[in-house]
Every structure is written in C-alpha cells, then in structure tokens.
Amino acid sequence: DAGLEMDMLEDLETLQFEYGIQEEDHSWLYLLGRSHGLTTKACAHATFFCKLLHNLRESFSRKSLQEKQTSRCPLTGLREDTPDDDELKVGIIGGGHLGKQLAHTLLQLVPIPADSLRISTRRPEALDEFKKLGIQCFYDNSSLVEWANVIFLCCLPSQLSNICVEVQTSLGKACIVYSFVAAVPLPRLKLLLNHTNVLRPQYQCVEDLASIWGADKEITAALQDPVVLQATCPYSPAGGIILNIKWLEGVFYAAINVCTAKDMPHSQVLQLLNELFLSKHFEACEKDRVSFQKFQAQDFVSKAYAKNLSRKRPFPWFDLTAVQLKETPFSQYLSQSTTFQDNLTHLYCDSFGITLTKEQEPEVSTGSSSQ
C-alpha cells in the first residue's frame, strides 16, 4: 500500500524539488545535477579501487594457502594467520551525505562485509540505519585509522586540519588515505597528514552538463545503469564530468605499495597486475593474433632502476602524492597504449557486472594531467 501511495504522489508538481523556486533562479538547478553526478562518479571510482584492493588481498590469501600446503611441517611452529588478516578493512571519516552514500555503495557493490566497514563521525547517533546493518559507528578517528587499510576522508574542509592532527600518530605507513576533500590540494594533504600514501581524485565539470545524472536515483541503482556507468569510466568524458587520469596512476602505484608492504618480489607483483588487469585482453589478442605487451618493471620505475632490480627484490615504496603531481614512467604507458585504455574500460564495467558491446564502448579521453 505504501508503494502504491508513493506512485500516486510521484508526479504531483507541488512535491517536486523545483516547485516554489523563482523562475529567475531556475538556471541554477543544474548545480543539483552536477552535485549528484560528482557524488556518483566519486562513489564509483572508490568502489572500483576497493574492488581492486579486495582482489589483491584474495590473491595474497590464495598464494599463502598454496605455500602452506606445499611446505607444511608439523614441527615448524609457525604462527597461523588469523582469518581476517587478508580481509580489506575500510574506514570512513565523516557521516554526512557523501559518507553515507559511499558506505551504501561499498556495502552493496564491492561488496564489503558489514564487519569490515566502520564509520567515525561527530554524530554517530544519526547513523542508526548503518548500526542496524552491523556497522560500527563511533567518534574516534585515531582508533579508526589504526584499524583500517583504507581511510576515506568525507569531512568538510574546515574540519580537516583537526582530523589530521588527531590521526597523524596513529596512521600506519601502509594505510591508504583517500581524500574527497576537494578544496585541499595534495601537497597540503601530505603536509597535514605527514603521510605519502594519499590518493585524491580530481574532477572537472564542463559547462553543458549532461542530464543523465539526475537527482532522483539512488547511486547504487544508477551504477547498474549502463549509460551512467559508462559515463563514470576513468577515460570517458561522457556526462560532462572529467576525471584527471593521474588518479589512475595513483591507483596502480597504490596497488604496488600494498604488495611491497607484504614484501612481495617485484616479479610476482608484475605477474599479479597482469592477471588482474590484462588477462582478458591476452585471451582476445591470442584469438586475433595480435601481440600485446605485458607490464614490465620499466613501466613503473626508470629503466636504469629496473635494470639493477633483482628478480626477488620488491619494488621501492612509492610516494603517491608525487605520482599524482609529476610525470612517471607509467604516465607514458597510459597515454600511449590505447589497447590498455580499451581493456580497462571493459574491465571497469565488468567489475560492476555490466558487459559492454562494441557499439556501447565510450569515447576515450586522457583527461588533464595538471593538479
């Protein structure tokens, strides 16, 4: 009955957001669509990033299990890993509109188990909907960053300085801080946090924003719409909101840092990245008899460094803020390899459960590299 009642009220003009707005102010309504579009894109890219980290950790678990099976000895006395050692743990600082939308999206689309997601906010009592799902909601930023592998900053710019002071000493080197605080640039973030493992997506809106975003659809539902999802693809300019592709470089180097924290030899890291990002393309190339270059060490470090990198040595630890602000060896790879761009677009959509046909492939844009 409640659903029927909502259907009856749905088209009533007096209940629409635009009702009551003066005619001369209607030109500002596009800001509503832009805000929803930015939130949709931000949540989509955060979801893709968490899926990547989840897949990485699953690979660690499989590798660890294989090693135990092949080298198990009853007299070794080695410590068994706890069951959740390789479970991705995500923390959100901020329980406002963006924090809530992000939590819903991660829960449903990664999906992250409720006990692997925690939220720290000044008003935890306002998050009953998440508490009922089994998510811990509290106000203790310091303990949150001690626990999490990834921290999403969804706070106001005016709150950021105090938050950084609170978490600085609790922030482990391997913890990835992912900032949605658009008003605070990367160099400032690095300084405030005294931390280099920081990601910050940057978006640019064009004047003629597409109407596909709307403000009447839940983000999780919108990301199951092929048109909306394609508009969120990292290389796509569709929808009028463009992602700075330096974010994608940061994602790759962040994944490498995760492996380095596990002391994984760089040769195994390359193999893992090839499996995660290029395996489907290898199959297509084999069928079409097209040669395709796998990732190599010199795609991520200088040729001189790669030449002296022994097979069993890990990659160096990368400063993600520098990666997003400067040219890297991977910058050239991303800009020149259109086959990789096509493959990433398909992989991105596949990760949301949507398979693109040839006709649906979005127009590609490399985006701006300036910060």
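Read on for an overview of the structure. (Residues numbered from 1 in each chain as written. Predicted model: local features only at pLDDT ≥ 70, side-chain atom pairs only at ≥ 80, totals over all residues. Heavy atoms only, no water.)

**Structural notes on the pairing of strand β2 (residues 117–120)**
Two faces belong to every sheet, and in a regular strand the side chains alternate between them. Side chains of β2 alternate between two faces, with Leu117 and Ile119 and Arg118 and Ser120 buried alike. Note that strand β1 (residues 90–93) and β2 share four bridges and pair parallel. Each bridged residue has a counterpart across the sheet, and for Ile92 the counterpart in β2 is Ile119. Handedness of the β1-helix α3 (residues 97–109)-β2 crossover: right-handed. Across three bridges, β2 lies against strand β3 (residues 136–138) in parallel orientation. Each residue of the ladder has a partner; that of Arg118, found in β3, is Gln136. (Buried < 20%, exposed > 50% of the residue type's maximum accessible area, 1.4 Å probe, protein only. Helix = DSSP H or I, 4+ residues; strand = E, 2+ residues; numbered from the N terminus. Pairing = 2+ DSSP bridges. Right-handed = clockwise from strand over helix to strand, strands pointing away.)

**Things to note about the packing of helix α15 (residues 329–336) against helix α16 (residues 338–351)**
Put simply, α15 and α16 touch, their axes get as near as 5 Å, and they point 80 degrees apart. Relative to α16, the element α15 is oriented roughly perpendicular. For the pair α15 and α16, the contacting residues are Tyr333, Leu334, Ser335 and Gln336 in the first and Thr338, Phe340 and Gln341 in the second. Looking at side-chain class alone, the contact of α15 with α16 contains three nonpolar, four polar and no charged residues. (Axes fitted to C-alpha atoms, helices over the stretch in contact; angles between N-to-C directions. Parallel < 35°, antiparallel > 145°, perpendicular 65-115°, else oblique. Contact = heavy atoms within 4.5 Å. Nonpolar A, V, L, I, M, F, W, Y, C, P; charged D, E, K, R; others polar.)

**Digging into the nonpolar core**
Residues Phe152, Phe277, Phe295, Phe300, Phe315 and Phe340 are the most contacted members of the largest nonpolar core, which totals 80 residues. Among the elements that take part in this core, helix α2 (residues 30–71) stands out by supplying eleven residues, more than any other. There are two domains that each give this core at least three residues, and those are domain 1 (29–57 + 85–247) and domain 2 (248–352). By size, the runner-up hydrophobic cluster in this structure holds 23 residues, among which are Leu144, Trp147, Val177 and Val184. (Core = buried A, V, L, I, M, F, W, Y, C linked by side-chain atoms within 4.5 Å. Domains from an automatic or database assignment.)

**What to know about the pairing of strand β4 (residues 150–153)**
With burial as the criterion, each face of β4 is covered, one bearing Val150 and Phe152 and the other bearing Ile151 and Leu153. Taken together, the four bridges between β1 and β4 define a ladder with parallel strand orientation. Its bridge partner being in β4, Ile93 is matched across the sheet by Leu153. Taken together, the four bridges between β4 and strand β5 (residues 176–179) define a ladder with parallel strand orientation. Residue pairing across strands places Val150 opposite Ile176, the latter belonging to β5. With respect to chirality, the unit in which β4 leads through helix α6 (residues 157–167) into the neighbouring parallel β5 is right-handed.

**Re the packing of aromatic side chains**
For any pair of aromatic rings, the description rests on two quantities: the centre-to-centre distance and the angle between the ring planes. This structure, assessed with the given rule, holds 23 aromatic pairs. For Lys51, the ring lying beneath its charged end belongs to Phe352, and the centroid distance is 5.9 Å. If you follow Arg118 out to its NZ or CZ, it ends over the ring of Trp147, 4.0 Å from the centre. (Phe/Tyr/Trp six-rings, centres within 6.5 Å; stacked < 30°, edge-to-face > 60°. Lys NZ or Arg CZ within 6 Å of the ring centre and 35° of its normal.)

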